[in-house]
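Structure assessment
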Amino acid sequence: MVKVLLIGDASREHAIADAFVRSTHEPKLYAAMSRKNPGIARLCKRTGGDVAIGNIDDPNFVVRAALEFHVDFAFVGPEEPLFHGISDALEEAGVPCVGAKRNMALVEMSKAFMRRLMWKYKIPGRLRFKAFKSLEDAVAYVNEYAESVAIKPARQAGGKGVKVIADLQVYLSKEKREVKAEHVKTVYEKHMAVYDDIDDKVLIEERVEGPEYTLQAFTDGRTVLPLPAVQDNKNAYEMDIGPETGGMGSIAGPGWLLPFLTEEEYKQSVEIIQSVVEALWKETGVRYKGVISGQMMLTALWGPTIIEFYSRFGDPEACNVLPYMEADIVEISEAIIDERLNTIKVSFPDIATVVKAIAPKGYPDHRDLARGHPVFIDEEAIKKRGCKVYYGSLDERSDGTIVTAGSRIAEIVAAAPTIPEASEIAESCVQYVRLLDGWGVFHRSDIGSEVLLRKRIEQAQLIREIYRYRLSKGLIGRAIDWIPGRGKIEYEF
């Protein structure tokens, strides 16, 4: 019997655990978690496995768990363990691992590394950028250049600290410079204060607009095996307003595409990911073995454009695809480890899926208020409506009580012939996730709705007309500015 160690404890890892339990190889499943996710723990117990609770960013803890459980291989879910070299430590201990090694995970960990890599190898979908190590240099840059920019932490910081500032008009230029400078300080002094594992602190890149989507793929460093495109919805509140979260829900399908994405754009997106995997091999001589995801945007500059990379599945995006994947995840994992992923075929039913996340009030900006609330999830009622539920940021205490841990409580997954139909089914299950002490929860009812879907399609059509016009004029990969006194300036990307 195959023994597998899963690292991680969010809804994404619950979906991965569920995929392993469905395997025809009937693996014995173990989990290393920072807190006891009751859904994952139950699946481990059902297979005869066990759980270990500790710091999953600590290589010593994870390796010790893998050796004590005598597992055949490990599968890493979240990004921080990858950034801390968990995959490297496991393989040094003789435990094969599905999960990017640290120097591969830099493609997510350091946004400046990712941008430099794309520029060095002239990979399509790249953006102009500047990376700064010092606060003074970053502030001086935004004070000197009046541009529309996205200001970000140079490191992956859990999706926090990204601000996009449009600077298109002459008026209020002083005020806009002040806003940019203030946010640069916030990124440097707040969001990057806890990280000392990369040199760059602030990333400033050109602002782009368009509908976003995520393309997830398995890879063994030689072959890229893509999955259906998914669109995450980051903002906390209806119609894309409010603070950014880890993701309040996502849509996929029917089939491999999204309603606003063409087959050609999907193929171009896959080619970008393949190019980056090849570039990482050329840079390091190491094969990328795990999951890589492009968080992409359809822009007027390129069409498919990289906003950032994930060195793992997205969350909630994993919950759209893994429950319906018609392939065995044990066989996929073993093929990744043995570098024979080209022998694996993955298919999906021609359905649409919608994920809705339910979060406690206080999330995402006041997580201290969102912690410690007792939870009840009526799984039977959710199953009766044909949905799945994956447990998220929860902790099961020794007395069996399940409490919130400050982030999203659970993610409900529904499937139907169309996205709006799946959305309505998922919506009907939201009522079955509640807190027992009266503390409030929230979710986004608009995800997958006809109104929001139409908005994405119209935005994509507009963007598509522009980038196709640029393509017809030979302007893809080029930018033209006009500066008073200097005239026309052309840039080649």
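Before reading further, recall that the structure is shown in the block above.
Position labels on residues start from 1 in each chain and follow its written sequence. Two thresholds apply to this predicted model, a pLDDT of at least 70 for residue-level local features and 80 or more for giving and counting side-chain atom pairs, whereas whole-chain, interface and lining totals are computed over all residues. Derived side-chain values reflect all non-hydrogen atoms in the structure, with water molecules and hydrogen atoms excluded from consideration.

Let's shift gears to the overall build of the chain. Tallying secondary structure elements over the chain gives 16 helices and 27 strands in all. Throughout, the radius of gyration refers to the C-alpha atoms, and the reference size of a globule is 2.2 Å times the residue count to the power 0.38. Taking 2.2 N^0.38 as the reference for a compact globule, 493 residues should give roughly 23 Å; the C-alpha atoms of the chain span a radius of gyration of 22 Å, in line with that estimate. A principal-axis box enclosing the C-alpha atoms of the chain has dimensions of 75 × 50 × 45 Å. Of all 493 residues assigned to the chain, the portion counted as buried reaches 57%. Throughout, a contact is declared for two residues whenever any of their heavy atoms are within 4.5 Å. Counting only contacts in the chain whose residues sit at least 6 apart along the sequence, the fraction spanning at least 24 positions is 69%. As displayed, the chain has an accessible area near 20,300 Å², and 49% of this comes from carbon and sulfur atoms. The sign given to each residue is positive for Lys and Arg and negative for Asp and Glu; His and the chain ends receive no count. By convention, the charge on Lys lies at NZ, on Arg at CZ, on Asp at CG and on Glu at CD. Considering the chain, the positive charge centre built from 64 side chains and the negative charge centre built from 73 side chains are found 2 Å apart. Strands here are runs of E lasting at least two residues and helices are runs of H or I lasting at least four, both read from the DSSP assignment and numbered beginning at the N terminus. Partly exposed describes any residue whose relative accessible area lies between the buried limit of under 20% and the exposed limit of over 50%, with all areas from a 1.4 Å probe on protein chains only and scaled to the type maximum. Note on areas: Shrake-Rupley with a 1.4 Å probe; residue coverage comes only from the protein chains shown.

Attention now goes to the side chain of His14. By secondary structure assignment, the location of His14 is in helix 1 (residues 11-21). His14 has contacts with Asn37, Gly39, Ile40, Leu43, Val389, Tyr390 and Tyr391, leaving out every residue within four places of it along the chain.

Geometry of aromatic contacts follows a simple scheme: Phe, Tyr and Trp rings, the Trp one being its six-membered ring, pair when their centres are within 6.5 Å, and the pair is stacked under 30 degrees between planes, edge-to-face over 60, tilted otherwise. A full pass over the atoms with the stated rule returns 8 aromatic pairs. Arranged with centres 6.2 Å apart and planes meeting at 45°, the rings of Phe20 and Phe73 form a pair that is tilted. Placement of the pair is Phe20 in helix 1 and Phe73 in strand 4 (residues 73-76), with a sequence separation of 53 residues. Assessed through its relative accessible area of 0%, Phe20 is described here as buried. Seen from their ring centres, Tyr30 and Phe69 are 4.5 Å apart, and the 25° between their planes marks the pair as stacked. Highlighted residues: Tyr30 in strand 2 (residues 28-33) and Phe69 in helix 3 (residues 59-69), separated in sequence by 39 residues. Residues Tyr30 and Phe69 agree in their burial class; the two are buried.

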